[in-house]
Amino acid sequence: MTGRIVALDVGDKRIGIALSDPTRTIASPLETYTRVGYGPDAKYIAALCARYETAEVLLGLPLNMDGSAGAQAEKTRAFGNILSEAGLKVLYSDERLTTVTAQRALIEGNMRREERKLHVDKVAAAVILEQWLRKQSEKE
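This text gives an overview of the structure that appears in the document. (Residues numbered from 1 in each chain as written. Predicted model: local features only at pLDDT ≥ 70, side-chain atom pairs only at ≥ 80, totals over all residues. Heavy atoms only, no water.)

**Concerning the overall build of the protein chain**
Secondary structure assignment for the protein chain yields four helices and five strands. Taking all 140 residues of the protein chain together, 42% fall into the buried category. In the protein chain, 61% of the contacts between residues at least 6 apart in sequence involve partners at least 24 apart. Summing over all exposed atoms, the protein chain offers an accessible surface of approximately 7700 Å²; the carbon and sulfur share of this is 52%. (Helix = DSSP H or I, 4+ residues; strand = E, 2+ residues; numbered from the N terminus. Buried < 20%, exposed > 50% of the residue type's maximum accessible area, 1.4 Å probe, protein only. Contact = heavy atoms within 4.5 Å. Areas by Shrake-Rupley, 256 points an atom, 1.4 Å probe, with all protein chains shown as cover.)

Structure follows, in structure tokens:
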């Protein structure tokens, strides 16, 4: 598979956004979007996908530590359904501990707490995308 893919770390207030390169080798944090509502959020993501010439969106699925889906996972799936209705191909990937991994990376980079809050969501999205890209390359 080739072509860019957009990855989302969907939260109640913000969506972290990451983007792959066209060869799906590198995942890069892109931005943090402040949520407005399902409809406007989906329009924003669809426009972002159009800008980067992709129709594929990877959503981090926040499963419980035992692997079960809780309320937040259902909210993520509901948003994924809206993105799918907007014509995007929606994929899901387990996102357990990705925010912890993102926080650690930012701390190791000596980023101050106030700055980490601004970047953690998009870095978490990049972690989700990196893990997914690695799994896809192992399948080939």
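From this point, things continue past the structure.
**Observations concerning the pairing of strand β1 (residues 6–10)**
Across the five residues that make up β1, a large majority, five, are buried. Side chains V6, L8 and V10 of β1 all project onto a buried face; the interleaved residues A7 and D9 project onto the opposite face, where all are buried too. Two elements, β1 and strand β2 (residues 14–20), share five bridges in a ladder whose sense is antiparallel. Directly across from L8, in β2, lies its bridge partner I17. Between β1 and β2, which pair antiparallel in sequence order, lie three residues. Of the pairings in the sheet, the one linking β1 to strand β4 (residues 56–61) comprises three bridges and is parallel in character. (Pairing = 2+ DSSP bridges.)

**Examining the sheet that holds β4**
The strand order β3-β2-β1-β4-β5 describes an open sheet built from five strands, whose pairing is mixed. Only two strands of the sheet have a single partner each, and these edge strands are β3 (27–34) and β5 (89–94). Taken over all neighbouring pairs, the strand axes of this sheet differ in orientation by 25 degrees on average, direction set aside. Sheet topology note: the β4/β5 ladder contains six bridges and is parallel. Across the sheet, the residue bridging to L58 is L91, located in β5. (Axes fitted to C-alpha atoms, helices over the stretch in contact; angles between N-to-C directions.)

**Here we look at the packing of helix α1 (residues 38–51) against helix α2 (residues 71–85)**
Interhelical geometry of α1 versus α2 gives an angle of 60 degrees and a closest axis separation of 9 Å. Judged on the interaxial angle alone, α2 and α1 are oblique. Regarding α1 and α2, the two cross each other, and that crossing is right-handed. Contact residues: Y38, D41, A42 and I45 in α1; K75, A78, F79, I82 and L83 in α2. Of the residues assigned to the contact of α1 with α2, the class counts are seven nonpolar, no polar and two charged. (Parallel < 35°, antiparallel > 145°, perpendicular 65-115°, else oblique. Left-handed = near helix turned anticlockwise from the far one by under 90°. Nonpolar A, V, L, I, M, F, W, Y, C, P; charged D, E, K, R; others polar.)

**Describing the side chain of S93**
Along the chain, S93 turns up in strand β5. Once you skip the residues sitting within four places of it in the chain, S93 turns out to touch L58, L59, G60, L61, I128 and W132.

**A closer look at the packing of aromatic side chains**
In total, this model carries two aromatic pairs according to the counting rule given. Taking 4.4 Å as the distance between ring centres and 20 degrees as the angle between the ring planes, the aromatic pair formed by Y33 and Y44 counts as stacked. Taken together, the residues Y33 in strand β3 and Y44 in helix α1 connect sequence positions eleven residues apart. Judged by centre distance (6.0 Å) and plane angle (40 degrees), the ring pair of Y38 and F79 falls under tilted. (Phe/Tyr/Trp six-rings, centres within 6.5 Å; stacked < 30°, edge-to-face > 60°.)

**Description of the pattern of salt bridges**
Across all of its chains, the model carries five salt bridges by this definition. Between K75 and D12 there is a salt bridge whose closest N-O contact spans 3.3 Å. Of this pair, K75 sits in helix α2 while D12 sits in the loop between β1 and β2, and the two are 63 residues apart along the sequence. Exposure remark for K75: the relative accessible area of 36% places this residue in the partly exposed category. A salt bridge links E56 to K89; the shortest N-O distance between them is 3.8 Å. Here K89 lies in strand β5 and E56 lies in strand β4, a separation of 33 residues in the sequence. (Salt bridge = Lys/Arg side-chain N within 4 Å of Asp/Glu carboxyl O.)

Function-wise, these values are silent; they only describe arrangement.
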